[in-house]
Number of protein chains: 4
Amino acid sequence: MAIKKLKIACSGLGRMGARHALHFLEKTPRAELVAAFSPDEKEIAWARSKLEPFGVKLYTDYEEMLKHPGLEAVVVATATTVHAEQAIKAIEKDLHVLCEKPLSTRVDLSQGVVDAAKKKPHLKVMCGFSRRFDASYRDAYNRLDNGDIGRACVFRSQTCDKLDPSGFFVDYAQFSGGIFVDCNIHDIDLCLWYFGDSRVKSVTAVGITAVQPALRKYGDVDNGVGVVEFHDDRVAYFYSSRIMAAGQHDMTEVIGTEGKLTINANPMGGLVEMSEPSGVRREIPPDYYGRFKEAFITEANEFTEACLENKKLPFKISAAVDAVRIGCALQESLRSGKKIYFDEVGNRIEKANL
Amino acid sequence: MAIKKLKIACSGLGRMGARHALHFLEKTPRAELVAAFSPDEKEIAWARSKLEPFGVKLYTDYEEMLKHPGLEAVVVATATTVHAEQAIKAIEKDLHVLCEKPLSTRVDLSQGVVDAAKKKPHLKVMCGFSRRFDASYRDAYNRLDNGDIGRACVFRSQTCDKLDPSGFFVDYAQFSGGIFVDCNIHDIDLCLWYFGDSRVKSVTAVGITAVQPALRKYGDVDNGVGVVEFHDDRVAYFYSSRIMAAGQHDMTEVIGTEGKLTINANPMGGLVEMSEPSGVRREIPPDYYGRFKEAFITEANEFTEACLENKKLPFKISAAVDAVRIGCALQESLRSGKKIYFDEVGNRIEKANL
Amino acid sequence: MAIKKLKIACSGLGRMGARHALHFLEKTPRAELVAAFSPDEKEIAWARSKLEPFGVKLYTDYEEMLKHPGLEAVVVATATTVHAEQAIKAIEKDLHVLCEKPLSTRVDLSQGVVDAAKKKPHLKVMCGFSRRFDASYRDAYNRLDNGDIGRACVFRSQTCDKLDPSGFFVDYAQFSGGIFVDCNIHDIDLCLWYFGDSRVKSVTAVGITAVQPALRKYGDVDNGVGVVEFHDDRVAYFYSSRIMAAGQHDMTEVIGTEGKLTINANPMGGLVEMSEPSGVRREIPPDYYGRFKEAFITEANEFTEACLENKKLPFKISAAVDAVRIGCALQESLRSGKKIYFDEVGNRIEKANL
Amino acid sequence: MAIKKLKIACSGLGRMGARHALHFLEKTPRAELVAAFSPDEKEIAWARSKLEPFGVKLYTDYEEMLKHPGLEAVVVATATTVHAEQAIKAIEKDLHVLCEKPLSTRVDLSQGVVDAAKKKPHLKVMCGFSRRFDASYRDAYNRLDNGDIGRACVFRSQTCDKLDPSGFFVDYAQFSGGIFVDCNIHDIDLCLWYFGDSRVKSVTAVGITAVQPALRKYGDVDNGVGVVEFHDDRVAYFYSSRIMAAGQHDMTEVIGTEGKLTINANPMGGLVEMSEPSGVRREIPPDYYGRFKEAFITEANEFTEACLENKKLPFKISAAVDAVRIGCALQESLRSGKKIYFDEVGNRIEKANL
């Protein structure tokens, strides 16, 4: 008996694109990676040895790839600047889409993806908020949903990268949308997930350039703190950093009226502890992939299953616009130095409405 | 050979006052608790059995107590509203003073204590910032001072109390100065200690009433988040809460350009861990005294030694005003919903000066 | 281009057999699960819905399955009592074998597998010591091998199962070989791996029946402590238990002359911590699969790769006999109450030879 | 009103003696340290500056000190070899005695102290098992006593010292009674406390000299593992080491039929954690005093109170003989390489009695 597999293509074969391609090739039994696209010769060279031998057709033209015979779905993992455009083109070709986060660094472009998806309700269009697929975040959500900590009212979350002394992230800042859009977007999405339909009342953000003053020219920082007030008497605060010495430390804390849930308070790179003359030491993951690899694989499998069986996706594509909207407002507050206020229906207002 | 002991009196015998009295009576070998004052009959009754038998003279009139023969020092541990007044009176009587924090909930009254102290440079006048005497905070400071984490640039600190279902803290809020002045004052002081002479650029605060909406009538909240920007490209953020389910969790994190120091990330009430059908569990201290008892005793001993041997106190009394100033600004921002800006010499300004 | 995949069959579809089957079916891209055998109707029923639709041929006769066209390898995951016999039959059919641990509860039968394998040096024959494939155990081994803790001299390791109130393990004890052969076999194997070629000098074991006195009739216990001395001045001690309240806790500690490595000192079922009125709590894995799932998958993939590319296996099949020999000696010491001595070439001797 | 204080003397002013003297001088409000004895000129010189100025009379003759006017109690903290003799002399002078552990490295001499104490039932005679006064061990005991973990049946405990590269402990081994008597005596005492009146069925011990082969000439080792079986189906196992790289790690685990209690599984020298390029690190206490300082102070205060108010001591002096008996049997087993058996009334028997 032949088993139906989802024919999927991967657009973009950079750091994360290559991982997505391999996840669909090797770790997603119900998917068949049939094609891959990259405009970059080095990436194509990599694909020639790692993908092509397994039957993956390589393309250097995105639109050509969309015409690959029998193609059903695309994972968009190119540079953020073309996420929205590529996602929309795929949707228009009647293909399911898994688009890396953020949809765009701009709210309007992000909304464009949502609008395109709305016209094709039979398609599965999802933003790759990997933490939504992480077992620990799901466990925490289920406990919260079960009432274990009463009403969630304070949310703290951080995305902290290991310091990259190469200064790579300075140039990257031109296109990333800034630290709140690029890093805290995950934390913001988690907050919206855990708080449900809370509406933003105000945002404020501040930040510093601890090691890379050059970031200022792009209106960005290497350490940012943002605070979001909600109209239903809840508050969230976020921290992002690009200067962690020990490694990646993404963590979240949800405080409720009857308890608290903490996710990854004490990061660990494995289960080994070293006792040495200088004390007791453990290593921690060097990057987000070290923390979230399993979540990415779960994402690939669940997206595949949703496409094949026309199942509901675990969250709506519009969530991605909500997160970008808050991320952009935080970034704006960082740049202007001003607090930004919203009324209960989401319109910006000039003054606090206490 | 007779050993010289410091003759000290304790003003106030409430929760913390009684502890101070016992620390000086039993845990401070070089001090002699000679007198104690309380206007409260219940407190006096307690003192009659716990202090009087050990030679402590009890007073119901503060000024009478200040005349106690041979008295050299006073610990002021009454209600916050009279801290400053009592401290000043003791200074004027030429007595050393250890005053519980905060000196006052108002900046001007706090400054009054500093002014009084300045006129008597031979006296030791100290604000009871107990965490300054905590072994772990000192250890962290020394590592920071030693350059172990490079330049400290981000500071996070929280004071989180176990939920008191009695609602005691609602009435208390009338006099406490608010959650940023009452709770985060410690975190603010630690920040100023660790950052050195950084000058405030802006403050913002938000908060919610998760379990005690009645706090609003006093302009207070039961969960607050405050952010302080400094002119030298540093940032601090604070959290305070009165609704922790498990117990007291005061913790601090200092992020530097080359590393991070964390103090009490994982609170523990002891060294016992229970493995049960529901998992692995540990208890945590129910209140700040469970966390800081040893620090209070060290404080008593070091204050005593400084008085007896005319040694320098570990920090200046003016630090207490700096902390109150920031705490009050945070509380004001909480109430107004506005961000507050300061120029480089500490004057308030209307707009962000980017 | 067609990619060569290893055609493998799974013998036994019980708890662990079913997992192996699924690992080869879904998590081992270079393997093709072509056949499965079980003598048990319920297991076959399971396979009919979970394996057959994916092209897996089901057999109720082991020897028939060995004749499956094109079959190259077999994973033996039936009851321990038939491990050796089935492994030998597969070897004789010129098939690679991955045999679940232990090869047998008897040393001579285990040796039979080794002898059969020796005659077919072109075959890959491996015992499923899953911890050898665990990332943390490998990390610890590499640190040890790198000299990070000097010379390893003390080894402590435990295999502790969550209490199963059904009493299942009483009946199971008839065939399991006893707690040291069934549970500590892993710890013994790790010890031999980490210590290298140390030779046993003595073994002693004691044990109790804390919750299942009925185990005594099979010469078994529900908590055992075993000590193994080695001739090269090293010592190992083992603990096994079947009564853990909180869940599975397998852990290991290796003490060297310059440091210590600990693997899984603090078991965690995920990254979520709950703060509740009773304290701070975390859950732990309910069983060994919760701890070692990834190791089993790595095992399947590495075994497959070794077969396909004629690579060296990570450890010799003879290691499995060495572990059974020590496990059986511990079990014998438990039953007789006596210490057992060995000379430097492995012969039993009557008295200590100090 | 004059408060009655216990007039106490300290015999021995070495490492631990000096600490005891200071605890009674500074940390025990109801005690008055009136005298101190040492035969060692360096110790006397220390006492001249640290004790004499506070009114402590110094003696270089133990028996002279016992005649100190008004003396009521003695803490014996000299070399282990004279513990018993000094304790007995003090008892005969009608003085309360707190004797450092062990009473003696020999069972008969230890029993001599018990016999002397029996003749003076009005005296308080206690062995300084400091862990009995540790808050965490008491907490664990109370939970156990409360039935929180069902019936305690397996006990694991270790005393592990930081490696002292000076090799001091080689010479010390001549008098210490060996590692099981010197180090594990605490663990054995805890076991007897937690298990209640369990009777020993067998003991076995093995050990190695990982860094100090010279210990062998005194029948000692630098790493020892001992196992004790009890007649009531319980088992205890002990580990002691003198080669820990990171610092002191004394820990205990009590496994019951319904749960487990762990005391100090994760040693910490403070509440500071360092995040560095090499990972996350904490320091641990360098020695037992860093772990048990507070317990020693509690011991001093409770002993004082028991003497002054004729209160029951927290445990009987005979417990100290029971612990030495087991420690000596373990040491004998280590030396002979043989397992030692006892019948239910404590007589040694030749063979296992299963």
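Residues numbered from 1 in each chain as written. Chains lettered and ligands numbered in written order. Predicted model: local features only at pLDDT ≥ 70, side-chain atom pairs only at ≥ 80, totals over all residues. Heavy atoms only, no water.

- The name an unreviewed UniProt entry assigns to chain A is Myo-inositol 2-dehydrogenase, from the organism Lecanosticta acicola.
- In its Sequence similarities (unreviewed entry) section, the UniProt record describing chain A reads: "Belongs to the Gfo/Idh/MocA family." (UniProt positions renumbered as here; feature names shortened; annotations may be inferred.)

### Examining the side chain of T304(B)
All names here are of chain B.
Then comes step 1: With respect to the helices and strands, the residue T304 is situated in helix α10 (residues 288-309).
Then comes step 2: Note on T304: relative accessible area 1%, which makes it buried.
Then comes step 3: A distance of 2.7 Å separates a polar side-chain atom of T304 from the backbone oxygen of A300.
Then comes step 4: In this structure, T304 is in contact with L6, F24, T28, R30 and A31, ignoring residues within four places of it in sequence. (Helix = DSSP H or I, 4+ residues; strand = E, 2+ residues; numbered from the N terminus. Buried < 20%, exposed > 50% of the residue type's maximum accessible area, 1.4 Å probe, protein only. Polar contact = N/O pair within 3.5 Å; in protein donor to acceptor, adjacent residues only side chain to side chain. Contact = heavy atoms within 4.5 Å.)

### A short note on the packing of helix α5 (residues 107-118) of chain C against helix α11 (residues 318-336) of chain C
All names here are of chain C.
Then comes step 1: Contact geometry for α5 and α11: axes closest at 9 Å, N-to-C directions at 175°. Here α5 is positioned roughly antiparallel relative to α11, judged by the angle of their axes. Across from V107, S110, Q111 and V114 in α5, the residues of α11 making contact are S318, V321, V324, R325 and C328.
Then comes step 2: Class assignment of the residues belonging to the contact of α5 with α11 gives a composition of five nonpolar, three polar and one charged. (Axes fitted to C-alpha atoms, helices over the stretch in contact; angles between N-to-C directions. Parallel < 35°, antiparallel > 145°, perpendicular 65-115°, else oblique. Nonpolar A, V, L, I, M, F, W, Y, C, P; charged D, E, K, R; others polar.)

### Structural notes on the relation of the copies chain A and chain B
Then comes step 1: With an RMSD of 0.0 Å, the operation that places chain A on chain B is a rotation of 180° combined with a shift of 0.0 Å along the axis. Taken together, the turn and the small shift mark the pair as related by a two-fold rotation axis. Taking C-alpha positions as the reference, the residue of chain A nearest the rotation axis is K339(A), at 3.3 Å.
Then comes step 2: Interface residue correspondence from chain A to chain B reaches 100%, placing this contact among same-surface, isologous pairings. (Least-squares fit on C-alpha atoms with pLDDT ≥ 70 in both.)

### Observations regarding empty space enclosed by the protein
Then comes step 1: With the rule as written, the count across this model stands at eight cavities of 30 Å³ or more.
Then comes step 2: As a volume, the largest cavity reaches approximately 830 Å³.
Then comes step 3: Along its surface, the largest cavity is lined by 39 residues, and N266(A), N266(B), N266(C), N266(D) and R282(D) are the ones closest to its centre.
Then comes step 4: Elements that contribute at least two residues to the lining of the largest cavity include exactly β14 (279-282) of chain A, β13 (272-276) of chain B, β13 (272-276) of chain C together with β13 (272-276) and β14 (279-282) of chain D.
Then comes step 5: Looking at the lining of the largest cavity, its residues break down into 17 nonpolar, 12 polar and 10 charged. (1 Å grid on protein atoms, 1.4 Å probe; cavity = no way out; pocket = protein on both sides within 12 Å on 5 of 7 lines; lining within 4 Å. Points joined across faces, edges and corners; volume = space filled by probe spheres on them.)

### Re the relation of the copies chain B and chain D
Then comes step 1: Note on the copies: chain B fits chain D at an RMSD of 0.0 Å, the axial shift is 0.0 Å, and the rotation between them is 180°.
Then comes step 2: The overlap is high: 100% of the interface residues of chain B also sit at the interface in chain D, so the same surface is used on both sides.

### Focus on the packing of aromatic side chains
Then comes step 1: Within the structure shown, the criterion is met by 62 aromatic pairs over all chains.
Then comes step 2: Here the aromatic rings of F168(A) and Y172(A) are separated by 5.4 Å at their centres, their planes lie at 20°, and the arrangement is stacked. Of this pair, F168(A) and Y172(A) both sit in helix α7 (residues 168-176), separated by four residues, roughly a single helical turn.
Then comes step 3: Judged by its relative accessible area of 51%, F168(A) is exposed.
Then comes step 4: Between the aromatic rings of Y141(D) and Y194(D), the centroid separation amounts to 5.9 Å while the plane-to-plane angle is 45°, which identifies the pairing as tilted. Taken together, the positions of Y141(D) in helix α6 (residues 135-145) and Y194(D) in helix α9 (residues 185-195) put the pair 53 residues apart, joining distant regions of the chain.
Then comes step 5: Grouped by ring-pair contacts, the aromatic residues Y141(A), F155(A), W193(A), Y194(A), F195(A), F230(A) and F238(A) constitute a single cluster. (Phe/Tyr/Trp six-rings, centres within 6.5 Å; stacked < 30°, edge-to-face > 60°.)

### Notes on unusual backbone geometry
Then comes step 1: With an omega of -15°, the peptide bond between K101(A) and P102(A) qualifies as cis.
Then comes step 2: Tracing the backbone through its elements, the reader meets P102(A) in the loop between β5 (96-100) and α5 (107-118).
Then comes step 3: For D94(D), which is not a glycine, the phi torsion comes out positive at approximately 70°.
Then comes step 4: Mapped onto the secondary structure, D94(D) falls in the loop between α4 (80-92) and β5 (96-100).
Then comes step 5: For D94(D), a relative accessible area of 38% corresponds to the partly exposed category.
Then comes step 6: Although it is not a glycine, D233(D) adopts a positive phi angle of roughly 60°.
Then comes step 7: Its location among the elements puts D233(D) in the loop between β9 (223-230) and β10 (234-244).

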